[in-house]
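Listed here are the chains, written in short residue letters.
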Amino acid sequence: MDTDLIAKIEPKFDALTGVYERFAIENMARRMLEDTHPFALLLIDGDNFKNINDGFGHSVGDLVITIIAHKIKAALEGVGFVGRFGGDEFIILIPDVVEYDEIWNTCRNIHAQFEEFTVPDYPSIFITITTGLARFPNDGSTYEELFEKADKALYRGKQKGRSCFIIYLDEKHKNIKIHSSDGPTANSMQQHNMIFNLLSKNDDLRLSIPYLLQFFTTVLMIDHVGIQNEKELLFSEVYSLSRGKQFWHIDTALISLNVNPANAIFYMNDIRQLTTIHQNALLEKFEEQQIVSTFYAEISYAGTLYGYLRADSTATLRIWQHSDMDLLLTAAKAIAMSLHFQRKRLEDL
């Protein structure tokens, strides 16, 4: 740890968490830029933190923020500097760690701290983090440029489903546009419209469905999206960057036990939670395919269940967002309506 760097900037500390204030980290970064000293700049955001404040109150929210800060600090002890950017957002400076494999391992160590996240007296609270980062001199020569690219990487991580870290790479992330506050609504409208456009791309559903599944894997960055009936996995699309490549049918009897009849979906952010509801047989099926998070929507209409639209995440947990689940459920219902009016079943396609 460079104690001279700390002494030069006379840092202040965040009153709640005890880590540095954001401007202390910014000043450290600017000092290192002047000295052409290599470093990584990380932005870390708590996932779905608003649900904590809304559901448990701000005092519990403050407790969770403090725990997040301490976990990040513990992972970087003697390696980097941790600052609170604001709310549940943190900004981190790691000197001398810029090689891809090295920074990948550092991020993995940070995220490993959150694999067993517990809040005293609140066992139902489950939280993860998303990280985006940029490196000097790899990704820019000014603080503003590095911050913008770390923010793009963070945004990509949020799009991907959260609970992950993204290392900025120009060839992958250069053209990312971070939406304004009006963006999500407009983007949702476009995506819903895209679902119907893709399904009507061809009169034959058998030819249209693969375009739809490719849309989900690419735009939502879901490792696997498929359609299955009682007996087999009929359609399957694997994201090009997914670590898992092989997926097969999951017993629908095990799935149907868990479907919420109110909204016709079943999802798990962390399949390990199946042990708490004594669903070990289903857990075993998911683990065979390296699935760590999963979502199922009934393809059903007018009292007929045709099968399920499923989405699976491997390697890293996916915190299913309402917007993502809404799109998947819309697609499932649109397919079901098409089957109904064409008087077909999935196996007829």
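Treat the numbers as computed from the prediction; the structure is a model and nothing was measured.

Novice: Where do I start with the overall build of the protein chain in this structure?
Specialist: Along the protein chain, the regular secondary structure elements total 12 helices and 11 strands. Whereas a compact globule of 349 residues would reach a radius of gyration of roughly 20 Å, the protein chain reaches 22 Å, a difference of no more than 12%. In terms of its C-alpha atoms, the protein chain occupies a principal-axis envelope of roughly 75 × 45 × 35 Å. Looking at the protein chain as a whole, 52% of its 349 residues qualify as buried. At a minimum sequence separation of 6, the contacts of the protein chain that also span at least 24 residues come to 64%. Taken as a whole, the protein chain presents about 16900 Å² of accessible surface, with 48% of it coming from carbon and sulfur. Computed over 33 positive and 47 negative side-chain charges, the inter-centroid distance for the protein chain is 5 Å.

Novice: Just checking my understanding: could you explain helix α5 (residues 100–112) for this structure?
Specialist: Since the α-helix packs 3.6 residues into each turn, any two residues three or four apart lie on the same face. With 13 residues, α5 ought to run about 18 Å at 1.5 Å a step, and its terminal C-alpha atoms sit 18 Å apart, in line with that. Of the positions making up α5, those classed as buried are Ile103, Thr106, Cys107, Ile110 and His111. Around the axis of α5, the buried residues are gathered within 135 degrees of arc, so they sit on the same side. At its buried positions, α5 is contacted by β2 (39–46), α4 (58–75), β4 (89–95), β5 (129–136) and β6 (165–167).

Novice: How should I be thinking about the nonpolar core in this particular structure?
Specialist: Nonpolar side chains in soluble globular proteins tend to be buried together. Of all hydrophobic cores here, the largest spans 33 residues; its most connected members are Ile209, Phe216, Ile299 and Leu309. If you list the elements that add at least two residues to this core, you get α8 (183–199), α9 (205–219), β7 (224–228), β10 (291–301), β11 (304–314) and α12 (322–342). The biggest single contributor to this core is α12, with 9 residues. Every residue in contact with isoleucine 209, bar those within four places of it in the chain, is listed here: Leu199, Ile227, Phe235, Ile335 and Leu349. Grouped together as the second largest cluster of nonpolar side chains are 31 residues, Ala40, Leu42, Ile65 and Ile127 included.

Novice: What is the right way to read the sheet that holds β11 from this model?
Specialist: In sheet architecture, strand pairing relies on hydrogen bonds along the backbone and comes in two forms, parallel and antiparallel. Taking strand neighbours across the sheet as the criterion, the 5 strands line up as β8-β7-β11-β10-β9 in an open arrangement whose pairing is antiparallel. Lying at the two open borders of the sheet, with one neighbouring strand each, are β8 (233–238) and β9 (265–268). In this sheet, neighbouring strand axes are inclined to one another by 15 degrees on average, regardless of whether the strands run parallel or antiparallel. Note that β10 and β11 share 10 bridges and pair antiparallel. In the strand pairing of β11, serine 300 is matched with leucine 305. Of the strands in this sheet, β7, β8 and β11 touch α9, which is tilted by about 40 degrees from β8. Set on the sheet, α12 makes contact with β7, β9, β10 and β11; between it and β10 the angle comes to about 35 degrees.

Novice: Would you mind going over the packing of aromatic side chains with me for this structure?
Specialist: Geometry of an aromatic ring pair is reported as the spacing of the ring centres plus the angle between the planes. Inspection of every chain in the model, using the stated rule, returns 12 aromatic pairs. Consider the rings of phenylalanine 85 and phenylalanine 147, whose centres lie 5.6 Å apart with planes at 25 degrees: the pair is stacked. Of this pair, phenylalanine 85 sits in strand β3 (residues 81–86) while phenylalanine 147 is found in helix α6 (residues 143–160), placing the two residues 62 residues apart along the sequence. Pairing tryptophan 104 with phenylalanine 165 gives two aromatic rings, centres 5.5 Å apart and planes at 70 degrees, and the pair type is edge-to-face. Taken together, the positions of tryptophan 104 in helix α5 and phenylalanine 165 in strand β6 put the pair 61 residues apart, joining distant regions of the chain. Under the relative-accessibility criterion, tryptophan 104 is labelled partly exposed at 26%. Here the aromatic cluster, defined as three or more aromatic residues joined through ring pairs, consists of Phe13, Tyr20 and Phe81. The ring centre of phenylalanine 85 lies 3.9 Å from the NZ or CZ of arginine 22, which sits over that ring.

Novice: Mind showing me how you'd approach the confidence of the model for the protein chain here?
Specialist: Should the pLDDT be low somewhere, the predicted coordinates at that spot are not to be read in detail. Of the residues in the protein chain, 95% reach a pLDDT of 70 or more, and the chain-wide mean stands at 89. Looking across the protein chain, the model is least confident in helix α1 (residues 3–9), with a mean pLDDT of 61, and most confident in β7, with 97. Within the model, pLDDT remains below 50 along residues 180–184, and this stretch shows 0 contacts once partners closer than five positions in the same chain are excluded.

Novice: I keep staring at the sheet that holds β2 and nothing clicks. Help me out?
Specialist: The 6 strands lie next to each other as β1-β3-β4-β2-β5-β6, forming an open sheet whose pairing is mixed. Only two strands of the sheet have a single partner each, and these edge strands are β1 (20–21) and β6. The sheet contact formed by β1 and β3 spans 2 bridges and is parallel. Of the residues in β3, the one forming a bridge with glutamate 21 is arginine 84. Strands β2, β4, β5 and β6 of the sheet are contacted by α5, whose axis makes an angle of about 155 degrees with β5.

The rules we used
- Residues numbered from 1 in each chain as written.
- Predicted model: local features only at pLDDT ≥ 70, side-chain atom pairs only at ≥ 80, totals over all residues.
- Heavy atoms only, no water.
- Helix = DSSP H or I, 4+ residues; strand = E, 2+ residues; numbered from the N terminus.
- Rg over C-alpha atoms; globule rule 2.2 N^0.38 Å.
- Buried < 20%, exposed > 50% of the residue type's maximum accessible area, 1.4 Å probe, protein only.
- Contact = heavy atoms within 4.5 Å.
- Areas by Shrake-Rupley, 256 points an atom, 1.4 Å probe, with all protein chains shown as cover.
- Lys, Arg positive; Asp, Glu negative; His and termini not counted.
- Charge placed at Lys NZ, Arg CZ, Asp CG, Glu CD.
- Expected span 1.5 Å × (residues − 1).
- Arc of directions from axis to C-beta.
- Core = buried A, V, L, I, M, F, W, Y, C linked by side-chain atoms within 4.5 Å.
- Pairing = 2+ DSSP bridges.
- Axes fitted to C-alpha atoms, helices over the stretch in contact; angles between N-to-C directions.
- Phe/Tyr/Trp six-rings, centres within 6.5 Å; stacked < 30°, edge-to-face > 60°.
- Lys NZ or Arg CZ within 6 Å of the ring centre and 35° of its normal.
- pLDDT = per-residue confidence, 0-100.

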